[in-house]
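Structural overview
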Amino acid sequence: MRVVEVSEYGGPEVLRMARRPEPEAGDVPGRVRVRLKAAGVTVADLRIRAGLYVHETGDLRPPFVLGTDFAGRLLDPAPGPEGGLPAGTRVAGFRPWLQELSGEGTYAEVIQVDPAWLAPVPDDVDFTAAASVPLAAVTARQALDRLRLPAGSTLLVTGASGVVGRFAVQFAAAAGLEVVAVSYEGDESELKVLGAKHCVTRGEPAEVLTRVLDHAPERVHAVFDGALTGPPMLAAVKDGGVFLALAPDRAPAAEREIRVETALATPDARALKEILQQVADRQLITRVADVMPLEEAAEAHRRAESGHRPGRIILMI
Ligand SMILES: NC(=O)c1ccc[n+]([C@@H]2O[C@H](COP(=O)([O-])OP(=O)(O)OC[C@H]3O[C@@H](n4cnc5c(N)ncnc54)[C@H](OP(=O)(O)O)[C@@H]3O)[C@@H](O)[C@H]2O)c1
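Every chain is numbered on its own, with residues counted from 1 as its sequence reads. A pLDDT threshold of at least 70 governs which residues receive local features in this predicted model, and a stricter bar of 80 or more applies before side-chain atom pairs are shown or counted, although totals over entire chains, interfaces and linings include all residues. The basis for the side-chain values is all heavy atoms of the structure; hydrogens and waters are excluded.

**Some details on the domain arrangement of the protein chain**
Domain start and stop positions are those given by an automatic or database domain assignment. Domain annotation for the protein chain reports domain 1 (2–132 + 287–316) and domain 2 (136–262). Put simply, the middle of domain 1 and the middle of domain 2, counted by C-alpha atoms, are 28 Å apart. The contact criterion used throughout is that any non-hydrogen atoms of two residues lie within 4.5 Å. Opposite the 8 residues of domain 1 that make contact, domain 2 presents 10 residues. By convention, the term buried area covers the 1.4 Å-probe accessible surface removed from two parts as they join, with the contributions of both added. Interface area for domain 1 against domain 2, summed over the two sides, is near 700 Å², with a carbon-plus-sulfur share of 57%. Three residues stand out in domain 1 for area buried against domain 2, namely Arg 287, His 308 and Arg 312, and they jointly supply 59% of the buried area on that side. Think of a salt bridge as a Lys or Arg side-chain nitrogen and an Asp or Glu carboxyl oxygen that are within 4 Å of each other. On the surface where domain 1 and domain 2 come into contact, there are 1 salt bridge. One salt bridge connects Glu 190 with Arg 287, and the closest N-O pair in it is separated by 2.6 Å.

**A closer look at the sheet that holds strand 2 (residues 15–19)**
Taken together, the 3 strands give an open sheet; going across it, the order is 2-1-4, and neighbouring strands pair in antiparallel fashion. Across the chains shown, the open sheet's two edge strands, defined by having one partner strand only, are strand 2 and strand 4 (64–65). Pairing analysis gives 2 bridges linking strand 1 (residues 2–6) to strand 4, with the strands arranged antiparallel. What sits directly across from Glu 5, in strand 4, is Val 65. The pairing criterion for strands is at least two bridges between them, as found by DSSP. Comment: elements are numbered from the N terminus, with helices defined as DSSP H or I runs of at least four residues and strands as E runs of at least two.

**Focus on the UniProt feature "domain: Enoyl reductase (ER)" (unreviewed entry) in the protein chain**
UniProt positions are given in the numbering used here, feature names are shortened, and annotations may be inferred rather than shown by experiment. This chain's UniProt record puts "domain: Enoyl reductase (ER)" (unreviewed entry) on residues 10–315. Taken as a whole, residues 10–315 contains 28% helix and 25% strand, while its terminal C-alpha atoms sit 20 Å from one another.

**A few points about the side chain of Asp 45**
Within the secondary structure, Asp 45 is located in helix 1 (residues 43–50). Despite its burial, Asp 45 pairs with no opposite charge, the nearest such side chain being Arg 312 at 7.5 Å. Each residue is placed in one exposure class: buried if its accessible area under a 1.4 Å probe, protein chains only, is under 20% of its type's maximum, exposed if it is over 50%, and partly exposed if it falls in between. In this tally Asp and Glu are treated as negative and Lys and Arg as positive; neither His nor the chain ends contributes.

**Details of the site of the ligand**
Nearness of a residue to a molecule or strand requires only that one of the residue's heavy atoms be within 4 Å of it. Close to the ligand lie 20 residues, the nearest being Val 164, Arg 202, Ala 263, Ala 265 and His 308. Nitrogen and oxygen atoms within 3.5 Å of one another constitute a polar contact, given that in protein one can donate a hydrogen and the other can accept it, and given that sequence-neighbouring residues count only through two side-chain atoms. The contact in question runs from an oxygen atom of the ligand to an N or O atom on the backbone of Val 164, over 2.8 Å. Per-residue accessibility takes into account occlusion by the displayed protein chains alone, with areas from the Shrake-Rupley method and a 1.4 Å probe. With the chains in place, 75% of the 910 Å² that the ligand exposes on its own is no longer accessible. The set of elements that each furnish at least two residues to the shell around the ligand consists of helix 1, helix 5 (134–147) and helix 6 (163–174). Basically, the charged four are Asp, Glu, Lys and Arg, the nonpolar ten are Ala, Val, Leu, Ile, Met, Phe, Trp, Tyr, Cys and Pro, and anything else, Gly included, counts as polar. Its residues assigned to classes, the shell around the ligand shows 11 nonpolar, 6 polar and 3 charged. A domain-level breakdown of the shell around the ligand finds at least three residues from each of domain 1 (2–132 + 287–316) and domain 2 (136–262).

**Some thoughts on the environment of Ser 102**
Structurally, the position occupied by Ser 102 is in the loop between helix 3 (97–100) and strand 7 (110–113). Of the residues examined, Ser 102 reaches a relative accessible area of 36% and is grouped as partly exposed. Excluding residues that lie within four positions of it along the chain, Ser 102 makes contacts with Leu 60 and Arg 95. Polar contacts involving the side chain of Ser 102 include one to the main-chain amide nitrogen of Glu 104, which spans 3.2 Å.

**Some details on helix 6**
Each helix should span, by expectation, one fewer than its residue count multiplied by 1.5 Å. A rise of 1.5 Å per residue sets the reference length of helix 6, with its 12 residues, at 16 Å; its end C-alpha atoms lie 17 Å apart and thus fit the reference within 8%. Burial runs high along helix 6: 10 of the 12 residues are buried. Regarding helix 6, the residues found buried are Val 163, Val 164, Gly 165, Arg 166, Phe 167, Ala 168, Val 169, Gln 170, Phe 171 and Ala 172. Positive phi appears at Gly 176, one or two residues downstream of helix 6, with a value of about 85 degrees.

**Notes on the environment of Gln 277**
Checked against the element boundaries, Gln 277 lands in helix 9 (residues 269–280). Taking the relative accessible area as the measure of exposure, Gln 277 reaches 37% and is therefore partly exposed. Here the alpha-carbon distance between Gln 277 and Pro 120, two residues 157 residues apart in the chain, equals 9.2 Å.

**What about the packing of aromatic side chains?**
Whether two aromatic rings pair depends on their centres lying within 6.5 Å, for rings of Phe, Tyr and Trp, where Trp uses its six-membered ring; planes under 30 degrees apart make the pair stacked, over 60 edge-to-face, and the rest tilted. The full count for this structure, using the stated rule, is 3 aromatic pairs. Clustering of aromatic rings is evident, with ring pairs tying together Tyr 9, Phe 64 and Trp 97. The aromatic ring of Phe 127 is capped on one face by Arg 90, whose charged end is 4.5 Å from the ring centroid. Geometrically, a lysine NZ or arginine CZ counts as sitting over a ring once it is within 6 Å of the ring centre and also within 35 degrees of the ring normal. Across from the ring centre of Phe 171, 4.7 Å away, lies the NZ or CZ of Arg 141, which sits over that ring.

**Notes on the pattern of salt bridges**
Under the definition given, this model contains 25 salt bridges. Taking the shortest distance from any N to any O, the salt bridge between Glu 255 and Arg 256 comes out at 3.2 Å. Residue Glu 255 is classed as partly exposed on the basis of its relative accessible area, which comes to 39%. The closest approach of N and O atoms between Arg 302 and Glu 299, which form a salt bridge, is 3.3 Å. Residue Arg 302 and its partner Glu 299 are located together in helix 10 (residues 297–305), separated by 3 residues, close to a single helical turn. Of the residues examined, Arg 302 reaches a relative accessible area of 39% and is grouped as partly exposed. Owing to a relative accessible area of 30%, Glu 299 belongs among the partly exposed residues under this scheme. Several salt bridges converge on common partners, so that one network encompasses Asp 290, Glu 299, Arg 302, Arg 303 and Arg 309.

Structure below.
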């Protein structure tokens, strides 16, 4: 089967097409095979390829196959609640690449996955849209759950124009939070449609802080730090509030009774099933920035690194 391998650590040019044996049914006990139609290009993919996670990847060295988000069709029946999912079901999910460290990813025609990672994709959601959802939406959902904010609380979302940030804005607004979104210039009207009450333009942390305080002079109850701004944004939080970091090295030291949480997304089939149904029902909006063939993975990484993209870049397989 065709895969894209990271041949060595470096720029996008280190991604190369390769052939690997297609997995057989039952190769790995407890795993089921999915024939992929689409895979998402995530920020973690870019960083792993560049060698920025060598501490986390330990003994795993190139060549390996990247990729977290996927959508495709089940080749084997998947056991699970309510009788599981039959072969042929359209499914999506994300594989926890950095936790597994198997060197197998979703830039491949067929993958073997834990059935507990899989959610069925509703008929109204195409494979590219489905592949844009799992990691980002589950991250936003789990992170907001950790904040435990009552309705009416104020939430600052940095990186609100990003893939995770857009989901965070929508989930927070649906939960009755007042969202202040730090947006890419020009995205304000879209973020307001998604549920943001106020938008401030991104910039240096001190500038952003000033703009946020214009809208929320008493500061906010919580920050969802989708842009990994880190410690400088702690000043936006009220005493006793909460700060949610999406990477451990961007979590500020706690002060003024502020609770600092770090979220690490874990696959959650039940949450993902609900989320995909919300996408099908048009209650939740997902955006795909580009759709490119698997063979153009290097160009997809170049685009992802070239600056603002309004949504996930998807590889068609
Ligand atoms: N902990 C977890 O389990 C987990 C899971 C998924 C993702 N993540 C992390 O969460 C972050 C967001 O992921 P994503 O998929 O949403 O990425 P993304 O689509 O690239 O979004 C990142 C957003 O942050 C903004 N941003 C980046 N640097 C900035 C800066 N210096 N100042 C202001 N804004 C800045 C970007 O602005 P522009 O649009 O203007 O470029 C973009 O809107 C990534 O760092 C990712 O690694 C963590």
